Amino acid sequence: FHPSSQNSYDAANSGGSNLGPTNPALADRLKKDGDTFRKDNPDFNGPIPADAITTSGSGLDPEITPANASAQAARVAKARGASTDAVQSLVAANTQGRDLGVLGEPRVNVLKLNMALDQAYPIKK
């Protein structure tokens, strides 16, 4: 699974875009990132989760939304030689609820999820 909109945890990739909501360059980047997401996840047909193509201030978030993780599940399952249902189960097992039941949003810790995938379905080299 990819954190935020990055393809790695390389801190050199950290930093916001500084593009405002009325800047046409932002719309162009979002369209390009959406096209890339669709290309990378061809089995996903739903609306692209916002956090799959947008970034926070650093762009290196350790967590993604459950919708983003689910959207990537078929691609990850193929890469790992697992079923999509098995990957979705690991997504569910690594989804944290709202803090104190009311604060924040449900989220998936990408590092913990990837570690669980490594244990259950290691990538063969």
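Here the structure is a predicted model, which means the values were calculated and not measured. The residue numbers shown here count from 1 along each chain, following its written sequence. Per-residue local features of the predicted model are confined to residues with pLDDT of at least 70, and side-chain atom pairs are confined, for both listing and counting, to 80 or more; whole-chain, interface and lining totals are unaffected and use all residues. The side-chain values count all of the structure's non-hydrogen atoms but skip hydrogen atoms and water molecules.

### Comments concerning the overall build of the protein chain
Turning to step 1, where the next piece is worked out: A helix here means a DSSP run of H or I that spans at least four residues, while a strand means a run of E at least two residues long, and both kinds are numbered starting from the N terminus. A count of helices and strands for the protein chain gives five helices and three strands.
Turning to step 2, where the next piece is worked out: Ordered by position from N to C terminus, the α and β elements of the protein chain give α-α-β-α-α-β-β-α.
Turning to step 3, where the next piece is worked out: Working definition: with a 1.4 Å probe on protein chains only, accessible area under 20% of the residue-type maximum means buried, over 50% means exposed, and in between means partly exposed. Out of the 125 residues in the protein chain, the part that is buried amounts to 30%.
Turning to step 4, where the next piece is worked out: Note on contacts: a residue pair qualifies if any of its non-hydrogen atoms lie within 4.5 Å across the two residues. Looking at the protein chain alone, contacts between residues at least 24 apart form 61% of all its contacts between residues at least 6 apart.
Turning to step 5, where the next piece is worked out: In the form shown here, the protein chain has an accessible surface area of approximately 7,600 Å², with 56% of it arising from carbon and sulfur atoms. All accessible areas in this document rest on Shrake-Rupley with a 1.4 Å probe, and a residue is counted as covered only by the protein chains that are shown.

### Section: the pattern of salt bridges
Turning to step 1, where the next piece is worked out: Basic side-chain nitrogens of Lys or Arg form a salt bridge, by our definition, when they fall within 4 Å of a carboxyl oxygen of Asp or Glu. Under the definition given, this model contains seven salt bridges.
Turning to step 2, where the next piece is worked out: Taking the shortest distance from any N to any O, the salt bridge between Lys78 and Asp43 comes out at 2.7 Å. In this pair, Lys78 sits in helix H3 (residues 66–80) while Asp43 sits in the loop between helix H1 (24–40) and helix H2 (50–53), placing the two residues 35 residues apart along the sequence.
Turning to step 3, where the next piece is worked out: Close ionic contact of Arg98 with Glu105 constitutes a salt bridge, the shortest N to O distance being 3.1 Å.
Turning to step 4, where the next piece is worked out: Among the charged side chains, a network of salt bridges with common partners joins Glu63, Asp99 and Arg107.

### A word on helix H4 (residues 84–93)
Turning to step 1, where the next piece is worked out: Buried residues of H4: Ala86, Val87, Leu90 and Val91, and no others. Angular distribution of buried residues about the axis of H4 spans 145°; they occupy a single face of the element. Opposite its buried face, H4 presents the exposed residues Asp85, Ala92 and Ala93, each directed more than 90 degrees away.
Turning to step 2, where the next piece is worked out: Against the buried residues of H4 lie H3, strand E2 (95–96), strand E3 (107–109) and helix H5 (110–120). For this quantity, the arc is that covered by the directions from the helix axis to the C-beta atoms.

### Here we look at the environment of Ala77
Turning to step 1, where the next piece is worked out: Tracing the backbone through its elements, the reader meets Ala77 in helix H3.
Turning to step 2, where the next piece is worked out: Spatially, the C-alpha atoms of Ala77 and Gln88 are 9.0 Å apart, while their sequence positions differ by 11 residues.
Turning to step 3, where the next piece is worked out: Look past the residues within four positions of Ala77 in its chain and what remains in contact with it is Ala82, Ser83, Thr84 and Val87.

### Some words on the sheet that holds strand E1 (residues 63–64)
Turning to step 1, where the next piece is worked out: A pair of strands is labelled paired if DSSP reports no fewer than 2 bridges between them. Read across the sheet, three strands follow the order E1-E3-E2 without closing on themselves; strand pairing throughout is antiparallel. Lying at the two open borders of the sheet, with one neighbouring strand each, are E1 and E2.
Turning to step 2, where the next piece is worked out: Where E1 meets E3, two bridges bridge the pair, whose relative direction is antiparallel. Residue pairing for E3: Ile64 is matched across the bridge by Val108.

### Quick look at the packing of H4 against H5
Turning to step 1, where the next piece is worked out: At a minimum axis separation of 9 Å, H4 and H5 run at an interaxial angle of 140°. In this view, H4 runs oblique relative to H5, as classed from their interaxial angle. Crossing handedness for the pair H4 and H5: right-handed. Taken together, the residues of H5 that come into contact with H4 (itself represented by Val87, Leu90 and Val91) are Leu113, Ala116, Leu117 and Ala120.
Turning to step 2, where the next piece is worked out: Partitioned by chemical class, the residues of the contact of H4 with H5 number seven nonpolar, no polar and no charged. Each axis is a line fitted through C-alpha atoms, and for a helix only the stretch in contact is used; angles between axes span 0 to 180 degrees, taken between their N-to-C directions. Any angle that is under 35 degrees is reported as roughly parallel, and any over 145 degrees as roughly antiparallel; angles of 65 to 115 degrees are reported as roughly perpendicular and all others as oblique. Note on convention: near helix rotated counterclockwise from far helix by under a right angle means a left-handed crossing. Clockwise means right-handed. Ten residue types, Ala, Val, Leu, Ile, Met, Phe, Trp, Tyr, Cys and Pro, are classed as nonpolar, four, Asp, Glu, Lys and Arg, as charged, and the remainder, Gly among them, as polar.

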